[in-house]
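# Examination of the molecular architecture
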Amino acid sequence: MAPPRGRSCAGAASEFDVSHPAVPHLVTAQSGPLQDLEQRILDALPTIERWFRLQWQDHIPPFYGSVDLRNAGYKLAPVDMNLFPGGFNNLSEEMLPTAVQAAGNAIERLCPDARNLLLIPERHTRNLYYLTNVARLVRILRQTGVEVRVGTLSEEVKARTPIELPNGEELVLEPLERRGSRLCVDGFDPCIVLLNNDLSAGIPAVLRGLDPGQILVPPLQAGWAVRRKSNHFAAYDQVAAEFGQLLGIDPWLINPYFGRCGQVNFHERAGEECVASNIEFVLSRMQEKYREHGIADTPYVVVKADAGTYGMGVMTVRDAEEVRGLNRKQRNKMAVVKEGLEVTEVIIQEGVPTREDVDGAAAEPVVYMMDRSVVGGFYRVHMQRGRDENLNAPGMHFVPLAFAGSCSLPDCRAEAAGSAPNRFYSYGVVARLALLAASIELESTASRVLEAPPASVAAAIAG
């Protein structure tokens with residue numbers, strides 16, 4: 001049943017505890033209408049916050065996550081969910097208190113008397129911008145009252161290795177050790193092991209079969225050796241349908257259509273017809289919705305690897321015939337992702353154009369969460385890409401979103417789309433829907449980590 005329209009959210013302050021904010025009050029430039037959807041979200045604020053509170057009684061949120069959103073003006077939808085976010089260095093300083101509080105809540109739930117936490121980053125040690133993210137994450141975690149050490153899987157690190165970062169900070173990497181069934185570094189025995197490594201190369205033996213008293217988060221099935229984007233969006237379908245019913249809206253307004261193809265080999269053109277037929281199917285469904293909602297845009301889809309990140313293995317398609325005639329360069333681009341792993345499965349996702357821009361360049365909001373709270377975000381901006389293209393590509397840069405103050409409420413005195421806090425409250429709601437879907441996804445795939453690894457990552461796991 002839809003909530004009453006036109007009700008002000010001003011009377012909903014009791015749904016928020018300023019000492020434990022769900023969504024920060026943000027200031028940035030914003031564009032695009034979204035008036036009706038935003039107004040419905042604002043009108044239903046108490047209903048939405050209660051609904052989330054009840055959902056988190058049944059589902060445990062991931063330790064952290066980031067969501068790439070697309071605001072098309074007529075819809076607002078997540079297009080990717082990362083469970084190993086690597087951009088904490090792009091958050092503004094004003095956001096850190098919220099992040100510390102949310103991280104503290106997560107640690108308290110996992111291990112109430114936690115004293116030591118071991119952070120495991122990506123293997124690469126030369127990407128100083130990524131390591132600045134690790135240093136920022138260490139800073140946040142230490143503020144919760146735990147000692148933090150960084151243990152790396154990189155074979156290059158043989159001893160305690162200080163690294164000077166571009167911002168003047170120093171990050172110390174140490175070789176990861178396995179003692180019996182516990183992970184440690186140089187005698188440092190942690191209660192919690194936090195992965196900031198997405199396991200694209202597989203699940204190392206050192207991470208398997210840990211002592212139950214040593215908590216590993218995110219769980220192994222969150223890594224790309226097991227996880228699939230199509231599983232996430234299947235879970236998001238359920239969440240969006242329930243949320244749409246709660247607000248009395250078409251779930252499509254917050255949910256991109258998708259299809260999936262397995263047994264794909266771009267080098268050998270295997271699975272090409274499966275990809276083409278799924279493109280036709282998704283485009284057909286989109287065209288129906290465009291007619292229903294009076295949208296004049298030309299629909300397109302994004303074909304991307306079903307596992308993997310860094311914006312690799314991504315292609316924008318407007319007609320199925322485009323994938324039936326890929327040239328060698330295009331096939332090579334789609335054939336491999338991070339760590340050089342072959343693409344054997346793809347997701348065909350509805351393209352959601354971005355109406356956001358920063359200084360005239362196409363932009364998309366990226367929302368960061370820890371535990372069940374939004375802790376900030378930034379715009380991913382690309383000067384050379386269009387509004388219907390993948391912005392997660394070389395040449396992108398980031399513009400932090402900043403707090404306007406300590407208030408965690410939307411501005412109920414302003415028009416829905418005329419206020420940055422209101423726009424970002426809506427962004428936070430949709431991002432938390434994706435976070436909830438990730439919780440359901442991880443619950444449903446928990447047993448898969450016990451299965452034999454795929455052939456493409458077997459060697460990496462064995463190593």
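Just so it is clear, the model here is predicted, and its values are computed rather than measured.

Further remarks concern the pattern of salt bridges. Summed over the entire model, instances satisfying the criterion amount to 29 salt bridges. The residue Arg 109 makes a salt bridge to Asp 371 at a minimum N-O spacing of 2.4 Å. Within this pair, whereas Arg 109 is found in helix α3 (residues 96-110), its partner Asp 371 is found in the loop between β17 (361-370) and β18 (373-382), the two being separated by 262 residues in sequence. On the basis of relative accessible area, Arg 109 is assigned to the partly exposed category, the value being 32%. The buried category is assigned to Asp 371, whose relative accessible area is 3%. Bridged by salt links that share partners, the residues Asp 68, Arg 70, Glu 364 and Arg 380 form one connected network.

Summed over the entire model, instances satisfying the criterion amount to two disulfides. Residue Cys 111 pairs covalently with Cys 191 via a disulfide, S to S 2.0 Å. Its S-S torsion of approximately 130° makes the covalent link between Cys 111 and Cys 191 right-handed. Of this pair, Cys 111 sits in the loop between α3 and β4 (116-121) while Cys 191 sits in the loop between β9 (182-184) and β10 (192-196), placing them 80 residues apart in sequence. Cys 191 carries the same exposure label as Cys 111, and that label is buried. Sulfur-sulfur distance for the disulfide between Cys 261 and Cys 274 comes to 2.2 Å. Linking Cys 261 and Cys 274, the disulfide has an S-S dihedral of approximately -100° and is accordingly described as left-handed. Placement of the pair is Cys 261 in strand β12 (residues 258-261) and Cys 274 in helix α6 (residues 272-293), with a sequence separation of 13 residues. A residue is classified by how much of its surface remains accessible, and Cys 274, at 29% relative accessible area, is partly exposed.

Let's shift gears to the side chain of Thr 445. On the secondary structure map, Thr 445 appears in the loop between α9 (420-444) and α10 (455-462). At 2.9 Å, the side chain of Thr 445 forms a polar contact with the backbone oxygen of Glu 441. In this view, Thr 445 contacts Gln 221 and Asn 231; residues no more than four positions away in its chain are not counted.

Here the focus is helix α8 (residues 328-335). Residues Arg 331, Met 334 and Ala 335 constitute the buried set of α8. On an axial view of α8, the arc spanned by its buried residues comes to 105°, and they lie on one face. Seen from the buried face of α8, the exposed residues on the opposite side, beyond 90 degrees, are Lys 329 and Lys 333.

So, about α3. Helix length check: α3, at 15 residues, gives a terminal C-alpha distance of 21 Å against a target of 21 Å (1.5 Å per residue), a fit within 8%. All of the buried residues in α3 are Leu 96, Thr 98, Ala 99, Val 100, Ala 102, Ala 103, Ala 106 and Ile 107.

Between Val 217 and the following residue, Pro 218, the backbone shows a cis peptide bond with an omega angle of -15°. Secondary-structure assignment places Pro 218 in the loop between β11 (215-217) and α5 (229-247). Phi is positive for Leu 199, which is not a glycine, with a value near 55°. Secondary-structure assignment places Leu 199 in the loop between β10 and β11. Located in the positive-phi region is Arg 269, a residue other than glycine, with phi close to 60°. Counting through the fold element by element, Arg 269 comes out in the loop between β12 and α6.

Across the chain, the average pLDDT comes to 85, with 83% of residues at 70 or higher. Predicted confidence is poor over residues 403-408, with pLDDT under 50, and the contacts of this stretch with residues over four places away or in other chains come to 16 contacts.

Relative to the elements of secondary structure, Ala 99 occurs in helix α3. On the basis of relative accessible area, Ala 99 is assigned to the buried category, the value being 0%. It is 10.0 Å that separates the C-alpha atoms of Ala 99 and Tyr 64, two residues lying 35 residues apart in sequence.

Running from N to C, helix α1 (residues 35-43) and helix α2 (residues 45-58) cross one another at 70°; their axes reach a closest spacing of 5 Å. Compared by their axis directions, α1 and α2 come out roughly perpendicular. Every residue of α2 that contacts α1 at Ile 41, Leu 42 and Asp 43 is listed here: Leu 45, Pro 46 and Ile 48.

All right, on to the packing of aromatic side chains then. Tallying each qualifying case throughout the model produces 14 aromatic pairs. The interplanar angle of 80° and the centroid separation of 5.1 Å between the aromatic rings of Phe 378 and Phe 398 together place this pair among those described as edge-to-face. Pair noted here: Phe 378 is in strand β18 and Phe 398 is in strand β19 (residues 396-400), with a separation of 20 residues, a long-range link. Residue classification places Phe 378 among the buried residues on the basis of a relative accessible area of 2%. Its relative accessible area of 30% is what places Phe 398 among the partly exposed residues. Plain terms: the ring middles of Phe 424 and Tyr 427 are 5.0 Å apart, the flat faces sit at 85° to each other, and that makes the pair edge-to-face. Here Tyr 427 and Phe 424 lie together in helix α9, a separation of three residues that amounts to about one turn. For Tyr 427, a relative accessible area of 0% puts it in the buried group. Grouping aromatic residues by their ring pairs yields a cluster made of Phe 63, Tyr 64, Phe 88, Tyr 368, Phe 378 and Phe 398. Over the ring of Tyr 300 we find Arg 318, and its NZ or CZ is 5.8 Å from the ring centre. Over the ring of Phe 52 we find Arg 432, and its NZ or CZ is 4.5 Å from the ring centre.

Reading the values: the criteria
All residue numbers refer to positions counted from 1 along the written sequence of the respective chain. In view of the model being predicted, local features appear only for residues whose pLDDT reaches at least 70, and side-chain atom pairs are presented and counted only at 80 or more, with totals across whole chains, interfaces and linings using the full set of residues. By convention in this description, side-chain values take in all heavy atoms of the structure and omit both hydrogens and water. We define a salt bridge as a side-chain nitrogen of Lys or Arg found within 4 Å of a carboxyl oxygen belonging to Asp or Glu. Strands here mean DSSP runs of E at least two residues long; helices mean DSSP runs of H or I at least four residues long; both are numbered from the N terminus. Only protein chains enter the area calculation, which uses a 1.4 Å probe; residues under 20% of their type maximum are buried, those over 50% are exposed, and those in between are partly exposed. Cysteine sulfur atoms that pair up within 2.5 Å are treated as a disulfide. Whenever two N or O atoms come within 3.5 Å, that pair is a polar contact, provided that in protein one can donate a hydrogen and the other can accept it, and provided that, for residues adjacent in sequence, both atoms are side-chain atoms. Between two residues, a contact is recorded if the distance between any of their heavy atoms is within 4.5 Å. Of all possible arcs, the one meant is that of the directions from the helix axis to the C-beta atoms. Residue count minus one, scaled by 1.5 Å, sets the expected span of a helix. What pLDDT expresses is the predictor's confidence in each residue, scored from 0 to 100. Axis definition: a line fit to C-alpha positions, over the contact stretch in the case of helices; interaxial angles, taken between N-to-C directions, run 0 to 180 degrees. Any angle that falls under 35 degrees is termed roughly parallel, while one over 145 is termed roughly antiparallel, one within 65 to 115 roughly perpendicular, and all others oblique. Planes of paired rings set the category: under 30 degrees apart is stacked, over 60 is edge-to-face and the rest tilted, where pairs are Phe, Tyr or Trp rings (Trp by its six-membered ring) whose centres lie within 6.5 Å. Whether a charge sits over a ring depends on NZ of Lys or CZ of Arg being within 6 Å of the ring centre and within 35 degrees of the ring normal.

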